[in-house]
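Examination of the molecular architecture
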Amino acid sequence: MADPHVEPQVQVVDDAAWLARAAADLVSSVVHADGPVTVVPATGETPVGTYAELAARHARGALDTTRVSVVQLDEYLGLAADDRRTLFGWMDRTVLTPLAIDDGRVARLPTDGDVDGACAEFDRALAARGGIDLAILGLGTNGHLGFNEPPSDAASATRTVELTPDTIGANARYWGGEDDVPTRAVTLGLRTLLDARRILLLVSGASKHAIVRRALEGPVGEDVPASFVREARGSVTVLVDRAAWEGE
Ligand code: PGA
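Report follows, based on the coordinates. (Residues numbered from 1 in each chain as written. Predicted model: local features only at pLDDT ≥ 70, side-chain atom pairs only at ≥ 80, totals over all residues. Heavy atoms only, no water.)

A few words on empty space enclosed by the protein. On inspection of all chains with the given rule, the structure shows two cavities of 30 Å³ or more. Reported here for the largest cavity is a volume of approximately 100 Å³. Only α1 (16–31), β2 (37–41), α2 (48–59) and β3 (68–71) provide two or more residues apiece to the lining of the largest cavity. If you add up the space inside the second largest cavity, you get close to 40 Å³. Lining of the second largest cavity is provided by Glu-75, Tyr-76, Leu-79, Ala-80, Ala-81, Thr-86, Arg-108 and Thr-111. (1 Å grid on protein atoms, 1.4 Å probe; cavity = no way out; pocket = protein on both sides within 12 Å on 5 of 7 lines; lining within 4 Å. Points joined across faces, edges and corners; volume = space filled by probe spheres on them. Helix = DSSP H or I, 4+ residues; strand = E, 2+ residues; numbered from the N terminus.)

With that settled, the discussion passes to the packing of aromatic side chains. Considering all chains together, one arrives at three aromatic pairs under this definition. Considering the side-chain rings of Tyr-51 and Trp-90, the 6.4 Å spacing of their centres and the 70° angle between planes classify their relative orientation as edge-to-face. You can see Tyr-51 sitting in helix α2 and its partner Trp-90 sitting in helix α3 (residues 87–96), a full 39 residues away along the chain. Owing to a relative accessible area of 2%, Tyr-51 belongs among the buried residues under this scheme. Classification of Trp-90 as buried rests on a relative accessible area of 16%. Judged by centre distance (5.7 Å) and plane angle (45°), the rings of Tyr-76 and Phe-147 are tilted. Note that Tyr-76 is positioned in strand β4 (residues 74–76) and Phe-147 in the loop between β6 (134–138) and β7 (159–162), a separation of 71 residues in sequence. The residues Tyr-76 and Phe-147 share a single accessibility class, namely buried. Members of the aromatic cluster, joined through ring pairs, are Tyr-76, Phe-147 and Trp-175. (Phe/Tyr/Trp six-rings, centres within 6.5 Å; stacked < 30°, edge-to-face > 60°. Buried < 20%, exposed > 50% of the residue type's maximum accessible area, 1.4 Å probe, protein only.)

And the structure:
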C-alpha cells in the first residue's frame, strides 16, 4: 500500500523578502533539530535571498551548520570541474562558503566517464546514508524540479538529461546568450527528491504564476514534474509570494 501522504502546505507571503525570511526560518528549524541533516540546495535566482538570510544568521552565530551535509541537485555536463560557471561553483560561492560547509560534507554529482552508472551509484549511496532530510527547490517556468524536465516520471532516477529550449532560454542570462548554454546536464531524479523527508518549494514572481497554479491545481503528471510534489513521501511546504500566486 502506498504511504499516506499529506497535501502540500501552501503559504502565500507578501514578497520575495518575506519569502526569504520564512524559508530561512523553516531551514533553520530543520538544521537545529536533533542529529545530522542532509540538505539539497537548489541553484537559481529564487533561493538567493534565502541563502543570504541563512548566511547572515550564520555570521552572527544564530545558525549552527556543523551537522549539515549537502547534496548537489543538478549540474551541467561538458564543463571542466573547476569552471566557475558550473552549478557546483555557484553553490560553493552562494551556499557552502557563506555557511562554512566544507568539502567533506558535500556530495557532488558525477560529470565524467560513465555518468549514468555513477548516477545510479550516487542514488544508492544517498539512500544508504539515509536519503534527503530537506530539499530546497525552485520551480522552472516549464514545471521542472532540478533539471527534471518535462516529461519526467515520478520514478525517474538520478541521470543525464537533455535540457529543453525553455530551460536553455531561462539560463541564457548566465551565459551571454542561448548558444553558449550547455544542452546536457545531470540531475537528481524525481524519485530521490520525492523521497525527501521534507520539501521546501520556493516560488517567486509573476512569471511563475501559471506554472505554480498548474503544478498545485492542475492534473498530476509528467508534463509538469513539479506536480508530483503532491504525491511526495514527506511533508511539503510551498512558499510562494503574492506576485506568483496572484499573477500580478
Ligand atoms: P529561478 O529558477 O529560481 O532562477 O527562477 C528556478 C528553476 O529553474 O528551477
